[in-house]
Amino acid sequence: MSAIATATVADDEDGIRVDRWFRRHYPALGHGLLEKLLRTGQVRLDGKRAKAGDRLSSGQIIRLPPQVQTVHSPVDRSSTDSQTVRPQASEQERIFAESLVIHQDSSVLVLNKPAGLATQGGSGITRHVDGLLDYLSFGKKQRPRLVHRLDRDTSGVLVVARTVPAAAALSKSLAGRDAQKIYWALVRGVPEKPRGTIKAALAKEGGQGAHGRDEKMVARDPGDPDAKYALTDYVVLDRAGREYAFVAARPLTGRTHQIRVHLASLGTPIVGDFKYGGAAARGAGEIADRLHLHARSIDIPHPDGGRLLVTAPLPEHMLASWKFLGFDTSGNANPFGEGGRRKRS
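So, here is what we can say about the structure in this document. This one's a predicted model, so the numbers in the text were calculated from it and none came from an experiment. (Residues numbered from 1 in each chain as written. Predicted model: local features only at pLDDT ≥ 70, side-chain atom pairs only at ≥ 80, totals over all residues. Heavy atoms only, no water.)

### Side note on the overall build of the protein
Our working definition: Segments assigned H or I by DSSP are reported as helices when at least four residues long, segments assigned E as strands when at least two residues long, and all are numbered from the N terminus. Three labels apply to residues, based on accessible area from a 1.4 Å probe with only protein chains included: buried if under 20% of the type maximum, exposed if over 50%, partly exposed otherwise in between. Here a residue-residue contact requires only that any non-hydrogen atoms of the pair lie within 4.5 Å.
The secondary structure content of the protein amounts to nine helices and 16 strands. With 345 residues in all, the protein has 47% of them scored as buried. Put simply, of all contacts in the protein between residues at least 6 apart along the chain, 66% involve residues at least 24 apart.

Below you can see the structure in the form of structure tokens.
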């Protein structure tokens with residue numbers, strides 16, 4: 001059996017996850033085996049135990065156990081032969097990643113994430129935004145960093161920091177709620193009030209799905225110790241009879257699936273959201289049975305001064321539904337009439 005070897009993290013690998021590094025250099029290494037090697041401490045980072053989600057820094061030393069060397073041959077990224085291993089796939093991924101960019105400056109990228117693309121990796125997820133960031137350095141030595149997330153089936157604005165200071169500033173603004181995110185949704189039915197604020201504490205309810213691993217959020221009494229306070233403003237922008245409504249939503253807290261649960265609590269679930277709307281969320285006619293929730297815009301302090309305001313166009317399935325129902329997609333005005341986050345009442 002081969003002796004233990006080491007590898008040094010390259011400059012252009014700064015910030016990538018440990019599991020992503022192994023997929024890049026040892027593509028045949030199975031996820032299960034890698035997790036076992038990490039769990040038993042056979043893979044180490046600068047002599048310390050590492051986890052799959054740990055972020056690497058350039059110059060760090062990765063300990064490679066014999067199992068990796070003897071069973072899985074590495075991809076030599078510097079050799080001529082390696083150019084025959086990844087070029088086509090890499091070029092396709094680069095083109096796709098760059099097509100998502102709707103704003104770029106020296107400190108920030110803003111992406112229009114498509115529905116169905118996960119923000120980060122997980123069990124059974126092989127393609128995600130975090131992995132695509134490897135292709136979006138645009139000449140910088142630092143790897144772009146995620147500062148917030150969107151649900152896998154939610155499309156729209158996703159802000160990415162290009163530097164460490166920018167990541168810190170954006171994260172602080174998001175945590176302090178000095179940012180305004182507006183979502184567009186198509187709901188089944190029409191809310192009783194054309195404008196309002198939904199106040200419903202949310203808690204996780206496990207045991208969903210075929211293997212009991214699919215978590216679901218549920219509205220609970222505010223006094224429930226397991227529930228977290230959640231607040232969402234909404235405005236009905238248009239309607240199609242009593243069957244459908246075009247709703248703008250502004251979350252004032254950042255709970256998992258918050259907008260989806262809150263709109264369903266009004267008896268008007270988002271079209272395509274079968275987790276929280278059941279059969280009532282089904283579309284009809286030319287309206288696709290896909291989640292109709294889109295992060296339309298964000299207004300956030302820019303790390304370099306001033307404010308950053310970016311709007312993302314609708315995905316094709318929502319654009320088709322808007323056209324079918326006769327809703328206007330051209331307006332970019334803020335229906336809530338305020339910059340930043342309003343004070344809680």
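### A few points about the nonpolar core
Using the following cut-off: To form a nonpolar core, buried Ala, Val, Leu, Ile, Met, Phe, Trp, Tyr and Cys residues must be joined to one another through side-chain atoms within 4.5 Å.
Core analysis: the biggest nonpolar cluster contains 31 residues, and Leu111, Leu263 and Ile270 have the highest contact counts within it. Elements represented by at least two residues in this core include exactly strand S6 (108-113), helix H5 (129-132), strand S8 (155-161), strand S9 (180-188), strand S13 (231-240), strand S14 (244-251), helix H7 (258-265) and strand S15 (293-301). Residues Leu37, Ala50, Ala52 and Leu64 belong to the second largest nonpolar core, which totals 19 residues.

### A closer look at the sheet that holds strand S3 (residues 48-49)
Quick note on the threshold: By this definition, two strands are paired if DSSP reports at least two bridges between them.
Across the sheet, which stays open at both edges, the four strands sit in the order S1-S4-S2-S3 with antiparallel pairing between neighbours. Both edges of this open sheet fall to strand S1 (5-8) and S3, since each of them pairs with a single strand only. Judged from the two bridges that link them, strand S2 (residues 44-45) and S3 form a sheet pairing that is antiparallel. Residue Leu45 lies in a different strand from S3, and its bridge partner there is Lys48.

### Focus on helix H6 (residues 164-175)
Short version of the rule: The span one expects for a helix is its residue count, reduced by one, times 1.5 Å. Along the arc lie the directions from the helix axis toward the C-beta atoms. Pairing of N or O atoms within 3.5 Å defines a polar contact, subject to two protein rules: one partner must be a possible hydrogen donor and the other a possible acceptor, and residues neighboring in sequence count only if both atoms are side-chain atoms.
With 12 residues, H6 extends 16 Å from end C-alpha to end C-alpha; this agrees with the ideal 16 Å at 1.5 Å per step. Among the residues of H6, Ala166, Ala167, Leu170, Ser173 and Leu174 are the ones counted as buried. All buried residues of H6 project into a common sector of 135° when viewed along the axis, lining one side. Those residues of H6 that are exposed and angled more than 90 degrees off the buried face are Pro165, Lys172 and Ala175. Buried residues along H6 sit in contact with S6, strand S7 (145-146), S8 and S15. Among the residues of H6, the N-terminal cap falls to Thr163, whose side-chain oxygen and the backbone nitrogen of Ala166 are separated by 3.1 Å.

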